[in-house]
Amino acid sequence: MGSLWIGVIGLWELFLSTAVHLVFGLYIFSAGVASISRSSHRPARTSDGGSIPPIVLVHGIFGFGKGRLGSLSYFGGAEKKDDRVLVPDLGSLTSVHDRARELFYYLKGGRVDFGEEHSRACGHRRFGRVYEQGHYPEWDEHHPAHFVGHSAGVQVVRVLQKMLADKAFEGYESTSEDWVLSVTSLSGALNGTTRTYMDGMMPEDWKSVKLVSLLQLCRLGCIVYEWLDLQWMKKYYSFGFDHFGMAWREGGVGRSSTACWATSARALQLNAGLRTFPNTFYFSYATKRTRKFLGLTLPSTVLGIHPLLFIRTLQMTQWRHPPAAPPPTRAIDWEDNDGALNTLSMTHPRLPVEHPSHFVVDDSECHPLQPGIWYYKILEADHIFFVLNRDRAGVQFDLMYDTIFQRCRKHAFRTAPPPTLPNHVPH
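Each chain has its residues counted from 1, running along the sequence as written. In view of the model being predicted, local features appear only for residues whose pLDDT reaches at least 70, and side-chain atom pairs are presented and counted only at 80 or more, with totals across whole chains, interfaces and linings using the full set of residues. Side-chain measures were taken over the full set of non-hydrogen atoms in the model, leaving aside hydrogen atoms and water.

Engineer: Would you explain a nonpolar patch on the surface in this entry?
Structural biologist: Patches here: salt-bridge-free residues with over 30% relative accessible area, like charges joined within 9 Å, nonpolar side chains (Val, Leu, Ile, Met, Phe, Trp, Tyr) joined within 5 Å. Using the Shrake-Rupley algorithm and a 1.4 Å probe, accessible areas are obtained, with residue cover drawn only from the displayed protein chains. A pairing counts as a salt bridge when a side-chain nitrogen of Lys or Arg comes within 4 Å of a carboxyl oxygen of Asp or Glu. There is a patch of nonpolar side chains on the surface, built from Val224, Trp227, Leu228, Leu230, Trp232 and Trp248 and spanning about 600 Å² of accessible area. Counting from the N terminus, the helices are the DSSP runs of H or I reaching at least four residues and the strands are the DSSP runs of E reaching at least two. A total of three residues in the nonpolar patch trace back to one element, the largest contributor, which is helix α6 (residues 214-228). When you line up the elements, Val224 lands in helix α6. Burial classes: relative accessible area under 20% of the type maximum marks a residue as buried, over 50% as exposed, and values in between as partly exposed (1.4 Å probe, protein chains only). On the accessibility criterion, Val224 (47% relative accessible area) is partly exposed.

Structure follows, in structure tokens:
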């Protein structure tokens, strides 16, 4: 009887989570379509050849860049706060590797090369879309860029920096980690999340997905969407699996499973190959919507948490790793969270080896900034508080992005301070 009751609760939670995700997804999609009539359809702004490093905003999973969903902005319009901001549209559910490769060619220009060995192992085409003109073609060690990644977007940036250090781009022998001037993590998935286990990922191997689960439904939905290949819909939103050949015209049903497995996050293995580089500035904003009460970890508010995340916030406080989990994983307090990621997972890279870090209480502690150290703050906010809807965060939204952009412009530089942009008045 007990097992039956647990099963009923699990099915109810699956139904509720699926319904909330579906409604929220339809809301975002309809808002994007409705905004098309208000879009100015201005051509994408490319580099002006000046010495001002661009700030590149990198979205997370299920995200989108400029040009998708009409004039809707994933970053809530934050890109309008600075004259040199780029918002690339990368695969929303493709692997971190594939998105990092896309990001490189988005900036430099050319045809996206996912790498011969990687493409063969994952069963997709080696080459992807073509960027006729790079958005920052002069990008190199002497013309670096700032990167701001939300959620999984920060791992995309870290993988890209490793690829640059490893000179992993054919035809570009002079790349180095110093092409990245700064990395800012906003609710970043630096050490993964326990949420994926509740959504259906099997903790035993970090690969298998339960037959009846939210992840399985997302996987099937993605397969159907890509197989139908409705161009009028993919024009507004795409999961980014074109290089897998999943469309019905290409007979892609047999390859669709491989495409969806590429989205599985295994932060522990990924972090083992990533480094914190000595000449790059790092800053992280971790978010949480939980608090301790009589020895329990509970959501800190009801109205302040997005409806999509409230139940998930409560569920994540109850997660316990199985006894077979690696000791470093069990040693971390995973209870505090923002509804999608665990708070301590967002502060700085911790697994499998902890990287240099400094908890910031007052901003004066990090002026001047020292490279090679993860400065971090913990903010009261849920996972999507600073994206999509600017009105939710209100003045906190402006304070957040103003601080990030000001740090990039005035405190993160290797030689002389960069010149001031026209809309930035020195204080």
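Engineer: Just checking my understanding: could you explain helix α4 (residues 153-165) for this structure?
Structural biologist: For an α-helix the count is 3.6 residues per turn, leaving residues at separations of three or four pointing the same way. Any helix carries an expected span of 1.5 Å times its number of residues minus one. In this model α4 runs 19 Å from its N-terminal to its C-terminal C-alpha over 13 residues, within 8% of the 18 Å that 1.5 Å per residue would give. Most of α4 sits inside the fold, with eleven of its 13 residues counted as buried. Regarding α4, the residues found buried are Gly153, Val154, Gln155, Val156, Val157, Arg158, Val159, Leu160, Gln161, Met163 and Leu164. At the C-terminal side of α4, Lys167 shows a positive phi close to 55 degrees.

Engineer: Honestly, the packing of aromatic side chains in this entry has me stumped. Any pointers?
Structural biologist: The relative placement of two aromatic rings is captured by the distance of their centres and the angle of their planes. Stacked, tilted and edge-to-face pairs are distinguished by plane angle, under 30 degrees for stacked and over 60 for edge-to-face with tilted covering the rest, among Phe, Tyr and Trp rings (Trp via its six-membered ring) whose centres lie within 6.5 Å. A complete count under the given rule lists 21 aromatic pairs for this structure. Judged by centre distance (6.1 Å) and plane angle (55 degrees), the rings of Trp139 and Phe147 are tilted. Residue Phe147 is classed as buried on the basis of its relative accessible area of 0%. Seen in terms of ring centroids, Phe241 and Phe244 are 5.5 Å apart; in terms of plane orientation they differ by 80 degrees. Their pairing is edge-to-face.

Engineer: What am I meant to see in the UniProt feature "transmembrane region" (unreviewed entry) in the chain here?
Structural biologist: UniProt positions are given in the numbering used here, feature names are shortened, and annotations may be inferred rather than shown by experiment. Under the feature "transmembrane region" (unreviewed entry), the UniProt entry names residues 14-36 and 293-311. What you have in residues 293-311 is 11% helix and 26% strand, and the ends, taken at the C-alpha atoms, are 18 Å apart.

Engineer: Explain the nonpolar core here, please?
Structural biologist: Nonpolar side chains in soluble globular proteins generally cluster together in the buried interior. Leu57, Phe75, Phe386 and Tyr401 are the most contacted members of the largest nonpolar core, which totals 45 residues. Listed by contribution, the elements that provide at least two residues to this core are β1 (55-58), β6 (180-186), α6, β7 (281-288) and α14 (395-410). For this core, the element with the most residues is α14, which contributes six residues. Any two residues whose heavy atoms approach within 4.5 Å are treated as being in contact. Excluding residues within four positions of it along the chain, Phe386 makes contact with Phe75, Leu186, Thr287, Leu379, Ala381, Ala393, Gln396, Phe397, Met400 and Tyr401. In terms of nonpolar packing, the next biggest core, distinct from the first, is built from 34 residues, Leu164, Val180, Phe277 and Tyr282 among them. Throughout this description, the term nonpolar core refers to a set of buried Ala, Val, Leu, Ile, Met, Phe, Trp, Tyr and Cys residues connected via side-chain atoms within 4.5 Å.

Engineer: Got a minute to help me understand the pattern of salt bridges in this structure?
Structural biologist: As a working rule, side chains carrying opposite charge can pair if their charged atoms are close by. A complete count under the given rule lists 20 salt bridges for this structure. Its salt-bridge partner being Arg312, residue Asp199 comes within 3.1 Å of it at the nearest N-O pair. Placement of the pair is Asp199 in the loop between α5 (195-198) and α6 and Arg312 in helix α10 (residues 310-317), with a sequence separation of 113 residues. Both residues of the pair, Asp199 and Arg312, count as buried. Note that Asp363 is salt-bridged to Lys377, the shortest N-O span being 2.8 Å.

Engineer: Even after reading the chapter, I still don't get the sheet that holds β6, so can you show me in this structure?
Structural biologist: Strand pairing in a sheet relies on backbone hydrogen bonds, with the paired strands running either antiparallel or parallel. In this description, strands pair whenever DSSP reports at least two bridges between them. Read across the sheet, seven strands follow the order β2-β1-β5-β6-β7-β11-β10 without closing on themselves; strand pairing throughout is parallel. Lying at the two open borders of the sheet, with one neighbouring strand each, are β2 (85-86) and β10 (357-359). Between the N-to-C directions of two axes lies an angle of 0 to 180 degrees, each axis being a line fitted to C-alpha atoms and, for a helix, fitted only over the stretch in contact. Contacts between helix α2 (residues 96-108) and the sheet are confined to β1, β2 and β5 (145-150), with β1 contributing the most and set at about 145 degrees to the helix. Together, β1, β2, β5, β6, β7 and β11 (374-380) form the strand contacts of α14, whose direction differs from that of β7 by roughly 165 degrees.

Engineer: What's the story with the side chain of Ser119 in this structure? I'm lost.
Structural biologist: Inspection of the secondary structure puts Ser119 in helix α3 (residues 116-122). For the purposes of these results, a polar contact is taken to be a pair of N or O atoms within 3.5 Å, where, inside protein, one atom must be able to donate a hydrogen and its partner to accept one; residues adjacent in sequence count only when each atom of the pair is a side-chain atom. In this structure the side chain of Ser119 is engaged in a polar contact, spanning 2.6 Å, whose partner is the backbone oxygen of Gly115. Residues in contact with Ser119, not counting those within four places in the same chain, are Phe114, His124, Arg125 and Arg126.

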